[in-house]
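Notes for the structure review
Chain by chain, the residues run as shown.
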Amino acid sequence: MHQSSSSREIYRAGGLLLLSFLLGSLIGYPYESTLLFLIVFLGFQFYQSFRLERWLRDGSKGAGPTSSGIWGDIYYHLYRRRKQDKKRKKRLAGFLNQFKKLTEALPDAAIVLSVDNDIEWFNKAAERVLGLKRNDRGEHVVNFLRHPDFSAYLYNQDYSSQITIPSPVDGGRELGIRIVSYGAGQRLLLAQDVSELKQLEKMRNDFVANVSHELKTPLTVLRGYLELMESGDSPKEFEKPIKRMGEQVVRMRSLVDDLLLIARLESEKLNDGSHEFVNIPSLLGGICTAAKRLDGCPELVLELHSDSGLYGDAKELESAFSNLIMNAVRYTPVDGKITVRWSESEQGGCLAVEDSGEGIAARHIPFLTKRFYRVDRGRSREQGGTGLGLSIVKYVLSRHQAELKIESTPGKGSRFSCHFPQQRMVEVDNKVVTFLS
Ligand code: ADP
């Protein structure tokens, strides 16, 4: 349409120019009449452009002054564009309104953070949950969520999981904080009161811990009597059942011990007292010696590439490492080989347990650290496994800011490695240095 109206305008102007020249020729003034036409034509164009400028300046209300030709088309296009913009604006305003209503209705606090971690916007719930006030916009978010775990979470920029911190408004309540990144450097912080959830979790933990604890005494009594019967002159037909009962009592005892350990790991924070120096080479030496004494233990090699130790909880680390080494013994045939390697690099310390055992199919690997997850339930039971070993390893490592990596090729073997951060490492000579978390 634009193309045809502009060419129409050119034809019209050209036609009028020719007509004025012809009329001028008839009366004997062809050039004068052409010049007169050009002056009138130019004047008309100036007049139209002034009208357009005034219409735009006055807010371009309505369809614009009535005009014909190309100027009519210009007004028509501008008017149509304005109408479309208005519609779009209305739709956007509707969306914005809906978004506002939605976030206001949310029971969780929502804060939009700028690139510099300043508060750009927050919903009503943020006032109640975090104690924010209207004029707190523009303030740094750390001024309101003053907790070392939150600062570490915010600045580490790994928002794949959520953290739990005490509420800044009510110390007795707990908040689950999650940050979601969107757009260029913009983030949405969501804070939810998780006190009830935590309370339920604690109740479940306490229940498991109490039941496990209550089971300890009857198991000890049973074990004592069974040992007595085993060593005594019991009838021949009872020998096998007594032996089987003894084995099952030992299994139940290790299950109860593992459950108690998990309950303790879940409920306790690593306190200052447990930031002790742990001599890893000697700890590993002890575990490997005990493992070698087990029936059916394959060749086991301990490689110490570092004599550094770790700051941490000796009992917890011993439990984690022995779980990994005992698993390797359990799932590797007698003619296989296990290598336990302690090494150190710029990133920190690494304990790797490699075996040439049956290996694990890739689909099982993400679930191995879940409680009671076993690739082959029957086989694990037969080997005296509880299904809790790798959960314990995961808990212990996370309490030492360490990471567990599992690599495995079915039929060839597995490699379980624990990666400790540099700040946990300590050279044997420097063990007097105090650990700062
Ligand atoms: P379990 O007491 O059954 O060994 P874990 O939590 O220690 O429980 O391990 C979970 C499962 O992971 C085991 O049942 C076993 O299937 C698998 N697994 C663990 N370590 C190894 C290993 N070194 N080689 C092969 N499979 C393993």
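Residues numbered from 1 in each chain as written. Predicted model: local features only at pLDDT ≥ 70, side-chain atom pairs only at ≥ 80, totals over all residues. Heavy atoms only, no water.

This paragraph deals with the side chain of threonine 369. Relative to the helices and strands, threonine 369 is located in the loop between strand S10 (348–355) and helix H10 (377–382). Given a relative accessible area of 17%, threonine 369 falls into the buried group. Contacts of threonine 369, omitting those with residues within four sequence positions, involve Leu390, Ser391, Lys394 and Leu404. (Helix = DSSP H or I, 4+ residues; strand = E, 2+ residues; numbered from the N terminus. Buried < 20%, exposed > 50% of the residue type's maximum accessible area, 1.4 Å probe, protein only. Contact = heavy atoms within 4.5 Å.)

Residues in close proximity to the ligand total 19 residues, the closest being Asn327, Ser380, Thr386, Gly387 and Leu390. Contacts to the ligand include aspartate 355, whose side-chain N or O atom sits 2.9 Å from a nitrogen atom. In isolation the ligand offers 530 Å² of accessible surface; the protein chains occlude 98% of this area. Listed by contribution, the elements that provide at least two residues to the shell around the ligand are helix H9 (314–330), helix H11 (389–399) and strand S12 (413–421). Of all the elements, H9 adds the most residues to the shell around the ligand, at three residues. Classifying every residue of the shell around the ligand gives nine nonpolar, seven polar and three charged. (Near = heavy atom within 4 Å. Polar contact = N/O pair within 3.5 Å; in protein donor to acceptor, adjacent residues only side chain to side chain. Areas by Shrake-Rupley, 256 points an atom, 1.4 Å probe, with all protein chains shown as cover. Nonpolar A, V, L, I, M, F, W, Y, C, P; charged D, E, K, R; others polar.)

Right, let's get into the packing of helix H6 (residues 195–231) against helix H7 (residues 236–267). Running from amino to carboxyl end, H6 crosses H7 at an angle of 155°, the nearest separation of the two axes being 8 Å. On the basis of their axis angle, the class for H6 and H7 is roughly antiparallel. The way H6 lies across H7 gives a crossing that is left-handed. Its residues assigned to classes, the contact of H6 with H7 comprises 16 nonpolar, five polar and eight charged. (Axes fitted to C-alpha atoms, helices over the stretch in contact; angles between N-to-C directions. Parallel < 35°, antiparallel > 145°, perpendicular 65-115°, else oblique. Left-handed = near helix turned anticlockwise from the far one by under 90°.)

Residues in a regular strand point their side chains to alternate faces of the sheet. The alternating pattern of strand S8 (residues 309–312) places Gly309 and Tyr311 on one face and Leu310 and Gly312 on the opposite face, and all of these are buried. Direction of pairing for strand S6 (residues 276–278) relative to S8: antiparallel, over a ladder of three bridges. Bridge assignment links glutamate 276 to a residue of S8, and that residue is glycine 312. In this sheet, strand S13 (residues 425–426) lies alongside S8 in antiparallel orientation, the contact comprising two bridges. By the bridge assignment, glycine 309 is partnered in S13 with valine 426. (Pairing = 2+ DSSP bridges.)

The next thing to look at is the domain arrangement of the protein. Entries for the protein in the domain assignment read domain 1 (2–100), domain 2 (106–193), domain 3 (197–267) and domain 4 (274–436). The distance between the C-alpha centroids of domain 1 and domain 2 comes to 55 Å. (Domains from an automatic or database assignment.)

Right, let's talk about the sheet that holds S13 for a bit. With antiparallel pairing, the three strands of this open sheet are ordered in space as S6-S8-S13. The sheet is open, and its two edges are formed by S6 and S13, each paired on a single side.

The strands making up a sheet associate through backbone hydrogen bonding, with each pair oriented either parallel or antiparallel. In space, the five strands of this open sheet follow the order S2-S1-S5-S4-S3, with antiparallel pairing throughout. Sheet topology places strand S2 (119–122) and strand S3 (163–166) at the edges, where each strand pairs with a single neighbour. The average angle at which neighbouring strand axes cross in this sheet is 30°, direction not considered. Inspection of the sheet shows S3 paired to strand S4 (residues 174–182) by four bridges, in the antiparallel sense. Residue pairing in the sheet places threonine 164 in a bridge with glycine 176 of S4.

A few words on the confidence of the model for the protein. The share of residues in the protein with pLDDT of 70 or more is 96%, and the mean pLDDT across the chain is 88. When pLDDT is averaged over each helix and strand of the protein, the minimum, 76, is found for H10 and the maximum, 97, for S10. Predicted confidence for residues 431–437 stays below pLDDT 50, and this span has eleven contacts to residues more than four positions away or in other chains. (pLDDT = per-residue confidence, 0-100.)

The next subject is the state of the cysteines. Counted according to the given criterion, the structure contains zero disulfides. Here cysteine 288 is not cross-linked by a disulfide; its sulfur's nearest cysteine counterpart is in cysteine 297, at 8.7 Å. Classification of cysteine 288 as buried rests on a relative accessible area of 3%. (Disulfide = S-S within 2.5 Å.)

Here the focus is the nonpolar core. Ile280, Leu300, Leu317, Phe321, Ile325 and Phe420 are the most contacted members of the largest nonpolar core, which totals 41 residues. Among the secondary structure elements, those contributing two or more residues to this core are H7, helix H8 (280–292), H9, strand S9 (337–345), S10, H11, strand S11 (403–409) and S12. With seven residues, H9 is the single largest residue contributor to this core. With residues near it in sequence (within four places) discarded, phenylalanine 420 still touches Leu310, Leu317, Phe321, Trp342, Gln347, Gly348, Gly349, Leu397, His400 and Ala402. Among the nonpolar cores identified, the runner-up in size contains 24 residues, and Leu130, Ile165, Ile179 and Leu189 belong to it. (Core = buried A, V, L, I, M, F, W, Y, C linked by side-chain atoms within 4.5 Å.)

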